[in-house]
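A closer look at the structure
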Amino acid sequence: MSNEKKQPILLDRRSFLGNTGKIVLSGTAIALMSGMSSAGAMSTDSSDSQEQDVRILNTAIGAEHEAVAAYQLGAESGLLSKGVLNVALQFQGHHKEHIELLASTVGKLGGTAIDAKSYYDFPVHKLKREKDVLTFAAGLERGAISAYAGAIPLFDNSDLAKAAASILADEAMHWAILRQALGLDPVPGAFFS
Amino acid sequence: MCALATVTNADSDMDVREGKRIYTQCTGCHSPDYNRTGPKHCGILGRAAGGVKNFEYTKAMSNSGIIWTSATLNQFLLSPFNTVPGTSMGFSGIASERERQQLIAYLSQLDERNALCN
């Protein structure tokens with residue numbers, strides 16, 4: 001069961017950018033995040049590609065830390081009603097789980113996972129009501145969905161595409177819930193663009 | 001000439017609009033007006049790579065010597081890893097010249113005249 005639980009977070013969502021970009025993780029990183037032993041997985045990749053993997057994964061970890069901080073900002077804002085606060089903390093928990101797995105993968109690659117920043121440059125001055133916080137969070141989730149939607153067709157590795165699609169679905173649910181809370185149509189169309 | 005100018009402006013506006021749509025795919029890491037996992041983009045045209053205050057860049061980016069122009073953005077967006085080996089931007093590039101130009105059109109108007117950047 002624990003493996004099943006971890007499957008959807010094989011890769012961080014924010015490392016996939018652009019509608020024509022390809023994921024550049026090496027076979028080692030993909031194998032490690034798919035559950036292969038590090039000894040077996042690391043036997044074929046050069047140290048250069050592993051260093052590149054660590055950089056990319058650390059960028060993903062940085063984005064996850066940012067998401068955790070954003071939800072923390074919302075939680076501590078005093079602007080969220082109890083029901084919304086509970087949902088925000090649940091989503092924050094997901095991001096923390098992502099960090100744990102990604103950091104573990106970086107460690108197996110011989111790298112050091114980055115820590116959260118001491119300060120995030122959020123547009124705090126724009127957050128005056130619960131609606132503002134929800135809009136901010138929805139924007140973050142939408143960006144993630146767009147990144148995955150553009151990247152999935154370009155994966156060479158079908159397992160990676162499958163995992164990314166699973167994450168996209170999860171993020172789409174986050175986005176839909178946030179839109180619902182904002183009083184917007186949670187599913188605004190048959191297609192996402 | 002007036003008709004030609006009107007058509008050109010319309011094309012430019014359309015590029016910016018399309019570029020804004022393409023930019024949503026960057027918003028997992030970037031925002032125009034504040035630093036996130038990636039640096040903010042307001043004022044990018046004419047700025048030195050690695051030049052946003054209070055953002056921690058890789059040495060590769062800081063030492064790249066790049067000044068962001070339409071030409072250098074076009075090159076970088078085509079292939080970030082080849083243009084700046086060692087960048088932490090996990091993105092291998094936009095293959096479509098048209099889409100790169102539209103995205104650059106959007107990025108280029110993120111200047112002091114843009115309400116997002118004030």
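Not measured: the values here are computed from a predicted model.

From N to C terminus, chain A includes 7 helices and 0 strands. The order of helices and strands in chain A, counted from the N terminus, is α-α-α-α-α-α-α. Among the 193 residues that make up chain A, the fraction classed as buried is 41%. For chain A, restricting intrachain contacts to residue pairs at least 6 apart in sequence, the fraction spanning at least 24 positions comes to 74%.

Looking only at helices and strands, one finds 5 helices and 0 strands in chain B. Put simply, chain B runs from its N terminus to its C terminus through helices and strands in the order α-α-α-α-α. Computed over C-alpha atoms, the radius of gyration of chain B comes to 15 Å, within 12% of the 13 Å expected from 2.2 N^0.38 for 118 residues, which places it in the range of a compact globule. In terms of principal-axis extent, the alpha carbons of chain B reach across some 50 × 30 × 25 Å. The buried share of chain B, reckoned over its 118 residues, is 36%. A sequence separation of at least 24 residues applies to 48% of the contacts in chain B between residues at least 6 apart.

Below, the discussion takes up the nonpolar core. Grouped together as the largest cluster of nonpolar side chains are 45 residues, with contacts concentrated most on A:Leu57, A:Tyr71, A:Ala137 and B:Leu103. Broken down by secondary-structure element, the contributors of at least two residues to this core are α4 (47-76), α5 (82-108), α6 (130-151) and α7 (158-181) of chain A together with α1 (2-23), α3 (70-78) and α5 (97-108) of chain B. Sorting elements by how many residues they give to this core places α4(A) first, with 10 residues.

All names here are of chain A. Here chain A averages 73 in pLDDT, while 64% of its residues score no lower than 70. Looking across chain A, the model is least confident in helix α1 (residues 2-6), with a mean pLDDT of 39, and most confident in α5, with 86. Below a pLDDT of 50 lies the segment residues 1-23, which in the model reaches 77 contacts outside its immediate sequence neighbourhood of four places, other chains included. Low pLDDT, under 50, characterises residues 36-44; the predicted model gives this stretch 9 contacts beyond four residues in sequence or across chains.

Within the secondary structure layout, B:His41 lies in the loop between α1 and α2 (59-62). C-alpha separation for the pair B:His41 and B:Thr83, spaced 42 residues apart in sequence, amounts to 18 Å.

Residues and elements named next belong to chain B. Unusually for a residue other than glycine, Asn-54 sits at a positive phi of about 65°. Considering the arrangement of structural elements, one finds Asn-54 in the loop between α1 and α2. Among the residues examined, Asn-54 registers 10 C-beta atoms within 10 Å and is labelled exposed.

Take the environment of B:Tyr57 next. All names here are of chain B. By the element assignment, Tyr-57 lies in the loop between α1 and α2. Given 18 C-beta atoms within 10 Å, Tyr-57 falls into the partly exposed group. Between the C-alpha atoms of Tyr-57 and Leu-116, which are 59 residues apart in sequence, the distance is 23 Å. Setting aside residues no more than four positions away along its own chain, Tyr-57 makes contact with Gly-50 and Ser-62.

Low pLDDT marks stretches whose predicted atomic positions should not be read closely. On average, residues of chain B carry a pLDDT of 89, and 91% of them reach 70 or more. Scored as a complex, the prediction yields pTM 0.75 and ipTM 0.80.

A few words on α5(A). Within an α-helix, residues lying three or four positions from one another point in the same direction, as the helix has 3.6 residues per turn. Helix length check: α5(A) (27 residues) gives 39 Å between terminal C-alpha atoms against 39 Å at 1.5 Å per residue, within 8%. What α5(A) keeps buried is the set A:Ala88, A:Phe91, A:His95, A:His98, A:Ile99, A:Leu102, A:Thr105, A:Val106 and A:Lys108.

A few words on α5(B). With 12 residues, α5(B) extends 16 Å from end C-alpha to end C-alpha; this agrees with the ideal 16 Å at 1.5 Å per step. Those residues of α5(B) not exposed but buried are B:Arg100, B:Gln102, B:Leu103, B:Ile104, B:Ala105, B:Tyr106 and B:Leu107.

What counts, and at which threshold
Residues numbered from 1 in each chain as written. Chains lettered and ligands numbered in written order. Predicted model: local features only at pLDDT ≥ 70, side-chain atom pairs only at ≥ 80, totals over all residues. Helix = DSSP H or I, 4+ residues; strand = E, 2+ residues; numbered from the N terminus. Buried ≥ 20, exposed ≤ 12 C-beta atoms within 10 Å, placed from the backbone. Contact = placed C-beta atoms within 7 Å. Rg over C-alpha atoms; globule rule 2.2 N^0.38 Å. Core = buried A, V, L, I, M, F, W, Y, C linked by C-beta atoms within 7 Å. pLDDT = per-residue confidence, 0-100. Expected span 1.5 Å × (residues − 1).

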